[in-house]
Structures are given as structure tokens and as C-alpha cells.
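Geometric and topological summary
The lines below spell out each chain.
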Amino acid sequence: MIPLEEIRSAQETLAGTAIRTPLVRLHAGDGAEIYLKLENLQPIGSFKIRGAYNAARRANPEEVAAGLVTASAGNMAQGVSWAARELGVPCTVIAPDHAPETKVAAIERLGGHVIKVPFEEWWEAMENYGYEGVEGLFLHPVENEDVMAGNGTIGLEILEDLPDPDAVLIPWGGGGLTVGIASAIKAQRPNVKIYAVEQETAAPLNATLEAGSPQEVEYRHSFIDGAGARAVLPKMWALGQPLLDGAYRVSLDETAAAIRMLAERTRVIAEGAGALAPAAALSRRAGEGKLVCVVSGGNIDFSTLSVILAGGTPVASA
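What this report covers is the structure whose coordinates are included nearby. (Residues numbered from 1 in each chain as written. Predicted model: local features only at pLDDT ≥ 70, side-chain atom pairs only at ≥ 80, totals over all residues. Heavy atoms only, no water.)

1. A word on the overall build of the protein
Condition: Here a strand is any run of E in DSSP of at least two residues, a helix any run of H or I of at least four, and the numbering for each starts at the N terminus. For the radius of gyration, the atom set is restricted to C-alpha positions; the globular benchmark scales as 2.2 Å times the number of residues to the power 0.38. Only protein chains enter the area calculation, which uses a 1.4 Å probe; residues under 20% of their type maximum are buried, those over 50% are exposed, and those in between are partly exposed. Accessible surface area values rest on a Shrake-Rupley calculation with a 1.4 Å probe, where residue burial reflects the displayed protein chains alone. When charges are tallied, Lys and Arg are placed among the positive residues and Asp and Glu among the negative ones, while His and the ends of the chain are skipped. To locate a charge, take NZ of a lysine, CZ of an arginine, CG of an aspartate or CD of a glutamate.
Looking only at helices and strands, one finds 13 helices and 10 strands in the protein. Computed over the C-alpha atoms, the radius of gyration of the protein is 18 Å, within 12% of the 20 Å expected from 2.2 N^0.38 for a compact globule of 318 residues. Referenced to the eigenvectors of the C-alpha coordinate spread, the extents of the protein come out at roughly 55 × 45 × 40 Å. For the protein, the residues scored as buried account for 61% of the 318 residues in total. By element, 47% of the accessible surface of the protein is carried by carbon and sulfur atoms, the whole surface being about 12300 Å². The centroid of the 25 positive side-chain charges in the protein is displaced by 7 Å from the centroid of its 39 negative side-chain charges.

Structure follows, in C-alpha cells:
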């Protein structure tokens, strides 16, 4: 686990930068008592500001002075760009070529320089902790423990607002959000269940848990751009396995339906990854009781959102 004292220290570092997001009830009829942790309300529309800012502030200032670099489809990139702007240094982002324009535009507004590359090269940048020809301190979007400690502050806030949840459901992209939150919660309430949620078109964690060893799956691009991968990073498998009580897959239709329900019932805009946990809870896969769903972000293209609100499920372009 990420040490609880590191997560509490991150909470102090983030004071005045990341907001303390609300935990609100989703009234969805019979079944579980569902609560939403609204990280879509952060200044950059995503939880990523927590980990990115904490890691940037804790890094060696001499290394930071050379600039910050990350590999991200959009949300971590915005977090690192925000931190770089606050610290007065340049930021370069290696993004997959399918990164949505909403997120790319937000990165550029924050001063980040975006380099779009094919998905395979983007994945290699994460595995290699950098991209050839790009200088600066690489902040890994997932494996950096200061990033995970920053993410863990969400777990502290959940237990402050709801001391007795039965389970917490968290979208799984690379695992840094899950490990951070689970570390904070398990250290204080070891009986609370932690479930990761993936989309069925990119669910390596589910395949890995089922097989008992790291598995690679076919990655199919969808409107859920903030989660999903072709494989579980080995370090994150080692960290995540002891903390997880299980994982769920949800369909694209279920995720789109969850986005609609959040908009209709709570006036919350969630991006695809942000709706994965509510989708699993609404499907009743996670059972009943008090379920906390982490709405990880709300950075969704309006063209995509309009299709969903009209009752459809967006089809990914080739």
C-alpha cells in the first residue's frame, strides 16, 4: 500500500490547489445506496490534478526546472500542464492519436505542448518513462508513487464524509487511482470492499484477475478514452492485486446509460471513464449496501455527449 502518512502529507500539499469534492447521493430507485464522488468538479475536470500536482511539488526542483513531460490521453496531461504552469516550467505531452479534441484543447490552454503519436508509441512512452527527443522530467501517469499518494486523498475524503461504506467502485485505467484510494481506505477500514471497473472493450485487469497472471487483451478504441489499456503494467499488478476485492466489466451501452442518468438525476456531466463505476453499481453487479462510485472526470467532447443524451451510444471512428 501507499503509506497513509504519505497520503496525508499529499493532502496538505494539495490544499488550495485541488478542491475537496462533494460526495452526493444518486437516487436511482430500488437497490444499492449509491454515492458519487464528484472528481469531475476539479479545476481541470478530473482527479488527475491531485496526483500530478503532488508529484511535481515533491520532485527534485533541479529536474523540474528542465520542464515536465507525461504520456496521457488528456486528463493527466492537463494535471501536469497545470502543475507546470504553477511552477513556471514548460510541459510536453505525448498523447495517443485518438485523444479527444476537448482534452487536447484544454492541455494547450494550460500551456502544454501536445505531440500526438500512434497508440503503440504512446504505450511505449509509458513503459519507457519518456519519448525519444523530448527533454524534461517524466511524470508517469500511473506508476509514480507521489501521483498515487495524491490520488489517495480521495479515499481520505470519502471516509470523512461516509465512514461506513460497504464498497468503493473505481474506474481502472492504469491502476494509479485505484491503488491510491484503496491504500487510504484499507489502512483505515480494511473491511470495505474495493472494486475496479473497466469497459468491456479494454479490460486487461479483469482478464488478469481471472487468469491469476498478467494478460494482454485486444484494445478496441471507444468513447471511453480515459480508461482501458491492452495490458496491466507489472508494477500496478503487484500493487493492485492485494488491495482489490474484485473487478467488473461494463458495456459501452451501460456506460452511456450511466452518463445519461447522472445528467438527468444529478445534473452531473461525466466522461466515459467517469461513468464506469456508476454503470457497474447501477447494473447491480456490486450488490447492495452503501456503494461509493468515483466519478473520475467530466472531460467529454460535446459531440459525444450530445449523442449519448439523445439516447445513443457513440461509435468510435476507425
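2. What to know about the side chain of aspartate 301
Here is the rule: When a carboxyl oxygen of Asp or Glu is within 4 Å of a side-chain nitrogen of Lys or Arg, the pair counts as a salt bridge. What makes two residues a contact is simply this: any of their non-hydrogen atoms within 4.5 Å.
Residue position: aspartate 301 is located in the loop between strand 10 (290-295) and helix 13 (302-309). It turns out aspartate 301 is buried and unbridged, and the closest side chain with the opposite charge, lysine 103, is 8.3 Å from it. Not counting the four nearest positions on each side in its chain, aspartate 301 is found in contact with Pro100, Glu101 and Thr102.

3. Observations regarding the pairing of strand 8 (residues 193-199)
Put simply, the test is: By the convention used here, strands pair only if DSSP detects at least 2 bridges between them. Viewed with both strands pointing away, a crossover whose connecting path from the first strand over the helix to the second turns clockwise is right-handed.
Taken across its seven residues, strand 8 has six buried, putting it largely inside the fold. Relative to strand 8, strand 7 (residues 167-171) is paired through five bridges, and the arrangement is parallel. Residue pairing for strand 8: proline 171 is matched across the bridge by valine 197. In the classification by handedness, the crossover that spans strand 7, the intervening helix 8 (residues 176-188) and the parallel strand 8 is right-handed. As paired strands, strand 8 and strand 9 (residues 246-250) are joined by five bridges and run parallel to one another.

4. Focus: the side chain of glutamine 42
Defined as follows: In the analysis that follows, any N or O atom pair within 3.5 Å is treated as a polar contact, provided that within protein one partner can donate a hydrogen and the other can accept it, and provided that, for residues neighboring in sequence, both atoms belong to side chains.
Considering the arrangement of structural elements, one finds glutamine 42 in the loop between strand 2 (33-38) and helix 2 (48-58). Separated by 3.1 Å, the side chains of glutamine 42 and glutamate 39 make a polar contact. When residues no more than four places from it in sequence are discounted, the contact partners of glutamine 42 are Ala18, Ile19, Thr21, Phe47, Ile49 and Arg50.

5. Digging into the sheet that holds strand 3 (residues 68-71)
Strand order in the open sheet made by the four strands is 5-4-3-6, with parallel pairing throughout. The open sheet has two edge strands with one neighbour each: strand 5 (113-117) and strand 6 (137-138). Looking at chain direction, strand 4 (residues 91-96) and strand 5 are connected through five bridges and run parallel. Paired with threonine 92 across the two strands is histidine 113, which belongs to strand 5.

6. A few points about the packing of aromatic side chains
Basically, it comes down to this: Within 6.5 Å between ring centres, the rings of Phe, Tyr and Trp (the latter by its six-membered ring) count as paired, and their orientation is classed by plane angle as stacked under 30 degrees, edge-to-face over 60, tilted in between. Either the NZ atom of lysine or the CZ atom of arginine qualifies as a charge over a ring when it sits within 6 Å of the ring centre and within 35 degrees of the ring normal.
All told, the structure shown has six aromatic pairs when counted by the stated rule. A centroid spacing of 5.9 Å and a plane angle of 50° characterise the contact between tyrosine 129 and phenylalanine 138, whose relative ring orientation is tilted. Judged by relative accessible area, phenylalanine 138 falls into the buried class, the value being 12%. Seen from their ring centres, tyrosine 195 and tyrosine 248 are 5.1 Å apart, and the 45° between their planes marks the pair as tilted. Taken together, the residues span a long stretch of sequence, with tyrosine 195 in strand 8 and tyrosine 248 in strand 9 at a distance of 53 residues. Within the aromatic cluster, the residues linked to one another by ring pairs are Phe119, Trp122, Trp123 and Tyr219. Here the basic side chain of arginine 25 rests over the ring of tyrosine 35, its NZ or CZ set 5.8 Å away from the ring centre. Above the plane of the ring of tryptophan 82 lies arginine 85, whose end atom (NZ or CZ) is 4.8 Å from the centre.

7. Focus on the environment of alanine 207
For alanine 207, the position within the fold is in helix 9 (residues 204-211). When the C-alpha atoms of alanine 207 and tyrosine 195 are compared, they prove to be 14 Å apart, with 12 residues separating the residues in sequence. Dropping the residues within four chain positions of it, alanine 207 is found in contact with Gln215, Val217 and Arg249.

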